[in-house]
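A closer look at the structure
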Amino acid sequence: MKVIVCKNYDEMSATAAGELSKQICEKPDSVLGLATGSTPEGMYACLVKDYQDGKLDFSKITTVNLDEYYPITPDNDQSYRYFMNYHLFSKVNINLANTNVPDGTAKDPDAFCADYEKLIDSLGGVDLQILGIGQNGHIGFNEPGDILYPNTHLTDLTDSTIKANARFFDSIDDVPKQALTMGIASIFKAKRIIIMASGKSKHDAIAKMLGETIETKCPATILKLHPNVTLICDEDAYNG
Ligand code: PGA
């Protein structure tokens, strides 16, 4: 795994945005795998700035997002569809029809997940996948446990994830208890993966990910098996 340690959050954001910009310029019809959460917000702001400065063209870009709460409606300001529209899609010239976020209103989540997996395959896989990492080592909503699931699936959120994400909601009771998420094999279909981390709270998960072992109780450790992963993190996440 390649490791890039940045001074702080802003430098991490600019560095990750630089990699995405390069991807978009080199292959204007790229399929980008995108993530939500507080970690990539600054990266999206950098991309929007590059677009406004005339450096980027999203017109041929397709996106697939990692995950979405379940159930949740897209107009809920805590939904990941809302997040993506707000932070990126509404601010650049992307065709909204080419943006894909798991559907938090799907009536039959299992059928939806099977279709989402087919969609990823039909796009020829993701060119560049952005990941965050949970304090508990989750990637997407592949939560720590005895087993990991390969494909897109409906999952129960762990108490630690519900607690970590409660900061975005009025109360912890409002945090959805389930989510739709790409699985480990879905993520591994990406030709290249960038995993981002900022802040001391991510240090333990990052240290485990960079350690010797692969453990289902820290799902990010499995990224050791992917041939093209870059960690872009700040000093707090790296050093603790
Ligand atoms: P965060 O979430 O960016 O809000 O810390 C990351 C994650 O849980 O994957």
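Look up a bit, the structure's there.
Residues numbered from 1 in each chain as written. Predicted model: local features only at pLDDT ≥ 70, side-chain atom pairs only at ≥ 80, totals over all residues. Heavy atoms only, no water.

Focus: the pairing of strand β9 (residues 192-197)
Of all the six residues making up β9, six are buried; the element is thus mostly covered by neighbouring parts of the structure. Pairing of strand β6 (residues 128-131) with β9, which is carried by four bridges, proceeds in the parallel orientation. Counted as the bridge partner of Gln 129 is Ile 193 from β9. The sheet contact formed by β9 and strand β10 (residues 229-234) spans five bridges and is parallel. Across the sheet, the residue bridging to Ile 193 is Val 229, located in β10. For the segment spanning β9, helix α7 (residues 203-210) and β10, crossover handedness is right-handed. (Buried < 20%, exposed > 50% of the residue type's maximum accessible area, 1.4 Å probe, protein only. Helix = DSSP H or I, 4+ residues; strand = E, 2+ residues; numbered from the N terminus. Pairing = 2+ DSSP bridges. Right-handed = clockwise from strand over helix to strand, strands pointing away.)

Examining the site of the ligand
Near the ligand, the surroundings consist of Gly 37, Ser 38, Thr 39, Gly 132, Ile 133, Gly 134, His 138, Arg 167 and Lys 202. Contact between the ligand and Lys 202: an oxygen atom at 2.6 Å from a side-chain N or O atom of the residue. The fraction of the free accessible surface of the ligand (280 Å²) that becomes covered by protein chains is 85%. Of the residues belonging to the shell around the ligand, the class tally is one nonpolar, six polar and two charged. (Near = heavy atom within 4 Å. Polar contact = N/O pair within 3.5 Å; in protein donor to acceptor, adjacent residues only side chain to side chain. Areas by Shrake-Rupley, 256 points an atom, 1.4 Å probe, with all protein chains shown as cover. Nonpolar A, V, L, I, M, F, W, Y, C, P; charged D, E, K, R; others polar.)

Comments concerning a negative patch on the surface
A cluster of like negative charges, contributed by Asp 77, Asp 170, Asp 173 and Asp 174, occupies part of the molecular surface. By the element assignment, Asp 77 lies in the loop between β4 (67-70) and α3 (80-87). (Patch = residues over 30% accessible without salt bridge, like charges linked within 9 Å, V, L, I, M, F, W, Y side chains within 5 Å. Salt bridge = Lys/Arg side-chain N within 4 Å of Asp/Glu carboxyl O. Lys, Arg positive; Asp, Glu negative; His and termini not counted. Charge placed at Lys NZ, Arg CZ, Asp CG, Glu CD.)

Brief notes about the sheet that holds strand β1 (residues 2-6)
The strand order across the open sheet formed by seven strands is β1-β10-β9-β6-β2-β3-β5, and the pairing between neighbours is parallel. In this open sheet, the two strands that pair with only one neighbour each are β1 and β5 (99-100). Packing against the sheet, α7 makes contact with β1, β9 and β10, and its axis sits at approximately 150° to β10. (Contact = heavy atoms within 4.5 Å. Axes fitted to C-alpha atoms, helices over the stretch in contact; angles between N-to-C directions.)

Some points on the side chain of Lys 202
Note on placement: Lys 202 falls in the loop between β9 and α7. Despite its burial, Lys 202 pairs with no opposite charge, the nearest such side chain being Asp 234 at 9.3 Å. For Lys 202, the residues in contact, after removing those within four places along its chain, are Thr 39, Ile 133, Gly 134, Gln 135, Ala 197 and Ala 237.

A few points about the packing of helix α2 (residues 41-52) against α3
At their nearest, the axes of α2 and α3 sit 10 Å apart, and the two run at 35° to each other. Mapping the contact onto sequence places Glu 41, Tyr 44 and Val 48 in α2 and Phe 83, Met 84 and His 87 in α3. Here the residues of the contact of α2 with α3 sort into four nonpolar, one polar and one charged.

Observations concerning the packing of aromatic side chains
Applying the stated rule across the entire model yields seven aromatic pairs. Seen from their ring centres, Tyr 44 and Phe 83 are 6.2 Å apart, and the 70° between their planes marks the pair as edge-to-face. Remark: Phe 83 occurs in helix α3 and Tyr 44 occurs in helix α2; sequence separation between them is 39 residues. We classify Tyr 44 as buried; its relative accessible area is 0%. Classification of Phe 83 as buried rests on a relative accessible area of 10%. Between Tyr 69 and Phe 141 the ring centres are 5.8 Å apart and the planes differ by 40°, which places this aromatic pair in the tilted class. With Tyr 69 in strand β4 and Phe 141 in the loop between β6 and β7 (153-156), this residue pair connects regions lying 72 residues apart in the sequence. You'll find Tyr 69 and Phe 141 in the same group, each marked buried. By the ring-pair criterion, three or more aromatic residues cluster together here, those being Tyr 69, Tyr 80, Phe 141 and Phe 169. One Lys or Arg, Lys 91, reaches over the ring of Tyr 86 and ends 4.2 Å from the middle of that ring. (Phe/Tyr/Trp six-rings, centres within 6.5 Å; stacked < 30°, edge-to-face > 60°. Lys NZ or Arg CZ within 6 Å of the ring centre and 35° of its normal.)

Take it as geometry only, folks, not as evidence of what the structure does.
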